[in-house]
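What follows is the residue order along each chain.
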Amino acid sequence: MTEPEVATGQLIVRASGAAAARAAILGDRKAGPDGIQLLLRCTVPRAVAEDGAKLGFAGCVLHVLPVGGPGGETPGRQGVVMLTVPAAELSLSFDELRPLMFRPVDVDAPLRALFSSAIAHVLAVSEALDPHGLAHHLRGLAELVLRSVLRAELDRADALATRRREAVRYMRERLADPSLGADQVAEALYISRRRLYQLFDDGQGISERIKGLRIERAKILLADPAKAARGIAEIAKDCGFTSAAHFSRTFRKAVGETPREFRERALAH
């Protein structure tokens with residue numbers, strides 16, 4: 001077992017087995033894997049040999065690989081644990097696990113400590129235990145880790161989605177303000193500018209997002225028959241553009257036609 005690339009305190013969940021290989025080759029997202037692998041870098045017993053330890057029973061495989069030199073006087077040292085369990089015997093389906101798959105996920109210290117302690121006990125007494133009972137224990141341990149991390153990840157994703165909605169709502173409500181920018185949005189949400197940018201992971205900057213929202217509003221106003229009598233300059237002002245000329249240039253670049261051309265075509269239908 002070579003050392004997997006997993007950072008301390010992070011979990012990587014991945015699929016294993018022939019079914020997973022076929023799905024990867026054929027691009028079949030519906031096919032479930034034979035097994036689910038959990039890779040976690042945490043404390044492992046210093047008694048584990050330099051080339052690692054491996055146990056296998058009743059469909060479960062446990063690999064433990066120390067990282068770095070001997071543990072010395074400490075009760076443990078850093079290592080990587082890879083636990084593979086049959087996917088069919090987990091109560092979580094592969095689709096439910098997709099938010100965790102194939103990417104590093106942070107694991108809280110208490111859960112890491114529980115996991116590493118359980119693995120240490122398994123290694124210490126495995127020869128004295130019933131293999132099927134031990135496999136059941138490891139499947140339960142894998143389920144505990146997966147469920148705990150998945151819950152935290154879904155809570156985090158939901159919190160991020162909520163904050164994103166708050167940020168976009170704030171921008172929409174203040175599009176008429178030409179000075180609207182990242183600093184103003186971040187201050188309103190009581191977060192740092194850096195945190196604001198982290199809320200949006202699509203690579204689009206805040207100023208570009210605000211500009212997109214302004215174009216979106218402008219298209220709605222231009223296509224509204226009830227506002228047909230309003231001039232282009234008025235609509236530009238309502239959308240936060242500093243001048244009609246700036247509005248026209250920006251709109252044409254984004255939409256492919258001038259505001260006047262867009263209005264004439266929209267109102268003709």
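An account of the accompanying structure is given in this report. (Residues numbered from 1 in each chain as written. Predicted model: local features only at pLDDT ≥ 70, side-chain atom pairs only at ≥ 80, totals over all residues. Heavy atoms only, no water.)

1. Looking at the nonpolar core
One finds Ile36, Phe115 and Leu146 to be the most contacted residues of the largest nonpolar core, which totals 40 residues. Looking at this core element by element, the count peaks at nine residues for helix 4 (residues 131–173). The residues contacting Leu146, other than those within four sequence positions of it, are Val13, Ile36, Leu38, Leu90, Leu92, Leu97 and Leu100. The next biggest cluster of nonpolar side chains, apart from the first, holds 17 residues, and it includes Leu160, Val185, Leu199 and Phe200. (Core = buried A, V, L, I, M, F, W, Y, C linked by side-chain atoms within 4.5 Å. Buried < 20%, exposed > 50% of the residue type's maximum accessible area, 1.4 Å probe, protein only. Helix = DSSP H or I, 4+ residues; strand = E, 2+ residues; numbered from the N terminus. Contact = heavy atoms within 4.5 Å.)

2. Things to note about the packing of helix 3 (residues 109–125) against helix 4
Remark: helix 3 packs on helix 4, axes separated minimally by 11 Å, with the N-to-C direction vectors making an angle of 170°. Put simply, helix 3 runs roughly antiparallel to helix 4. Counting all contacts with helix 3, which are made through Leu111, Leu114, Phe115, Ala118, Ile119 and Val122, the residues of helix 4 involved are Leu134, His137, Leu138, Leu141, Leu144, Val145, Ser148 and Val149. (Axes fitted to C-alpha atoms, helices over the stretch in contact; angles between N-to-C directions. Parallel < 35°, antiparallel > 145°, perpendicular 65-115°, else oblique.)

3. Considerations on the pattern of salt bridges
What the rule picks out here adds up to 12 salt bridges. Across the pair Glu153 and Arg156 runs a salt bridge, and its minimum N-O distance is 3.7 Å. Placement of the pair is Glu153 and Arg156 together in helix 4, with a separation of three residues, close to one helical turn. Lys211 is the partner of Glu208 in a salt bridge, and the nearest nitrogen-oxygen pair spans 3.1 Å. Placement of both Glu208 and Lys211 in helix 7 (residues 206–222) is noted, with a separation of three residues, approximately one turn of the helix. Note on Lys211: relative accessible area 32%, which makes it partly exposed. Linked by salt bridges that have partners in common, Arg103, Glu153 and Arg156 make up one network. (Salt bridge = Lys/Arg side-chain N within 4 Å of Asp/Glu carboxyl O.)

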